[in-house]
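Overview (structure and organization)
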Amino acid sequence: MLVKGVVFYLDSDLPFEARSLLEDFRLAVNNAVRAGLQARVTSRNALCRLAYKDFRQEHPRMYAQHLVSAFEVAGSVLKNHCRRARKGVTSRIPFTKRLMMKAENQAYKLDRRSGIIDLPIRAGCHVELRLIVSQYHRKYLDDMTLSLGSLTVLPDRVIVAFRKDAPKRYAPDSVISLDTNERSLDGVFVEGDVAKAIKAEFPEVAIIQQRHHDRRRMLQKKKAHDRRISSRLCKREGAREHHRIDYRLHQVANSVLKFAEEKKSAIVLEDLRGMRPKRNKELNRRLSMWPRRKLHQIIEYKAQWRGIPVVKVDPRYSSRTCPICGRIQGSRMGAEFKCECGWRLDRHINASINLLQTAISKGMAGGLWFNPGAFQHDVMMILYEPAMAARSEPNGTSGIVGVT
Ligand SMILES: [Zn+2]
């Protein structure tokens, strides 16, 4: 079962009753967390047995289903706490400050046509939440193959979980192999006897990382006298950085998947799990792996949702091997891969050819095959470049750029 959370903003302020419900919910979560810690239990049912009666006495009218899902939230808070404690990370007794509540799908009603949520508060008291519905939201609301999952209510927005069974992956007619780099995805697209170079560029991601890193460093220096303020501002910088990078990675993933879907391609990616950044500290940060891992996550998730086959292969030696004669080179310097046998190609595209050959040799590319000799050196298809984005990164180095 695949789940996708879709954020809806509210048309007006949260009604008073709903706000008090959020407060009660938070109270129930925090009470259950404390009770669970004392009794050393983390499961929803155990917490329910433990805390239900007491809380019921204090809040006799709260809708029972909400109370049960408060215990569920408390359970996951406790599990996180235990995990951190086991790892030896010092972790304070968890306390939920944020106003939120979660309702299971039996505990609310969403009219998918009008976008109105009917949320029961207690017996005889319901509130209506009007959602702001855009075209993007319509896609999910109108698709009746999607069922509704849980609802998360926050003071200014709600998150509706849409669920569906994973669609069957199609049998591919072609294949896209991609080498993931700091600033781009580079690869080959193979259809029948023809192989072409493809590229999706995201140079801004590295620029954004650099800029936010510099800003954090500056904040730390400027606010060195107050660690509380410094850490708060740095946290905010970090959240902004994540937002902005996320937005761009989603766009890159969307254009790759759109192309794959049109051509009925399988996608070959390198398995980044074993990759560790270099030891040098400066280089370490610049080559931080998370945008690349995140991009893979997004591509894999979206591909699953749309039934596009994705194959991951071990990238070892992929940047140093010659796909024609199989020689492995000692170093991998230079933008171009040159082999003694006469093969020359862009280093990144060469790597993607090796990834593809690994996938084919392991039978993971669905019976497709590829002859490196058929590679058309003079053709380059651009799947994505920053100019295609709704907004691009300004060139100036100063000034705060808004959150995207
Ligand atoms: Zn060679």
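Source: prediction; values computed, not measured. (Residues numbered from 1 in each chain as written. Predicted model: local features only at pLDDT ≥ 70, side-chain atom pairs only at ≥ 80, totals over all residues. Heavy atoms only, no water.)

Focus: the coordination of the zinc ion
The zinc ion binds to the protein through Cys322 (SG), Cys325 (SG), Cys339 (SG) and Cys341 (SG); the donor distances cover 2.2 to 2.3 Å. Because the angles between the 4 donor atoms bound to the zinc ion fall within 106 to 115°, the donor set is best described as tetrahedral. (Donors = N, O, S within 2.8 Å, 3.2 Å for Na, K, Ca; no water. Tetrahedral: all angles 85-135°; square planar, octahedral: opposite > 155°, others 65-115°.)

As for the sheet that holds strand β10 (residues 194-201)
Ordered in space as β12-β11-β8-β9-β10-β15, the 6 strands form an open sheet in which the pairing is mixed. Both outer strands of the open sheet, β12 (310-313) and β15 (375-384), are each paired with one neighbouring strand and no more. Direction aside, neighbouring strands of the sheet carry axes that sit 25° apart on average. Two elements, strand β9 (residues 184-191) and β10, share 8 bridges in a ladder whose sense is antiparallel. Pairing of aspartate 186 across the sheet is with lysine 199, part of β10. (Pairing = 2+ DSSP bridges. Helix = DSSP H or I, 4+ residues; strand = E, 2+ residues; numbered from the N terminus. Axes fitted to C-alpha atoms, helices over the stretch in contact; angles between N-to-C directions.)

Topic: a nonpolar patch on the surface
A cluster of nonpolar side chains, contributed by Val7, Tyr9 and Ile132, occupies part of the molecular surface with about 260 Å² of accessible area. As for its position among the elements, tyrosine 9 is in strand β1 (residues 2-9). (Patch = residues over 30% accessible without salt bridge, like charges linked within 9 Å, V, L, I, M, F, W, Y side chains within 5 Å. Areas by Shrake-Rupley, 256 points an atom, 1.4 Å probe, with all protein chains shown as cover. Salt bridge = Lys/Arg side-chain N within 4 Å of Asp/Glu carboxyl O.)

Comments concerning the pattern of salt bridges
Following the criterion strictly, the structure yields 15 salt bridges and no others. Here lysine 199 and aspartate 186 are joined by a salt bridge, their closest N and O atoms 2.7 Å apart. Highlighted residues: lysine 199 in strand β10 and aspartate 186 in strand β9, separated in sequence by 13 residues. Aspartate 186 sits in the buried class, given a relative accessible area of 1%. One salt bridge connects glutamate 336 with arginine 344, and the closest N-O pair in it is separated by 3.0 Å. The class for arginine 344 is partly exposed, based on a relative accessible area of 46%. Put simply, Arg215, Glu237 and Arg240 are held in one network by salt bridges that share partners. (Buried < 20%, exposed > 50% of the residue type's maximum accessible area, 1.4 Å probe, protein only.)

Quick notes on the sheet that holds strand β3 (residues 109-111)
Strand order in the open sheet formed by 3 strands is β3-β4-β5, with antiparallel pairing between adjacent strands. If you trace the sheet from one side to the other, it starts and ends with β3 and β5 (125-130), each paired once. Mean inter-strand twist for the sheet, computed between neighbouring axes without regard to direction, equals 25°. As defined by bridge partners, strand β4 (residues 116-122) adjoins β5 across 6 bridges and the pair is classed as antiparallel. Pairing of aspartate 118 across the sheet is with glutamate 128, part of β5. Set on the sheet, helix α1 (residues 16-39) makes contact with β4 and β5; between it and β4 the angle comes to about 60°. (Contact = heavy atoms within 4.5 Å.)

Regarding the side chain of aspartate 179
Structurally, the position occupied by aspartate 179 is in strand β8 (residues 174-180). An unpaired buried charge is present at aspartate 179: no salt bridge exists, and arginine 347, the closest side chain of opposite charge, is 6.8 Å distant. Here asparagine 181 takes part through its side chain, which lies 3.2 Å from a polar atom of the side chain of aspartate 179. (Lys, Arg positive; Asp, Glu negative; His and termini not counted. Polar contact = N/O pair within 3.5 Å; in protein donor to acceptor, adjacent residues only side chain to side chain.)

Thoughts on the environment of serine 174
Residue placement: serine 174 occurs in strand β8. With 191 residues separating them in the primary sequence, serine 174 and alanine 365 have C-alpha atoms 9.0 Å apart. Those residues in contact with serine 174, other than ones at most four positions away along the chain, are Phe189, Val190, Glu191, Lys263, Lys264, Ser265, Ala266 and Leu368. A polar contact of 2.7 Å, which involves the side chain of serine 174, links it to the side chain of serine 265.

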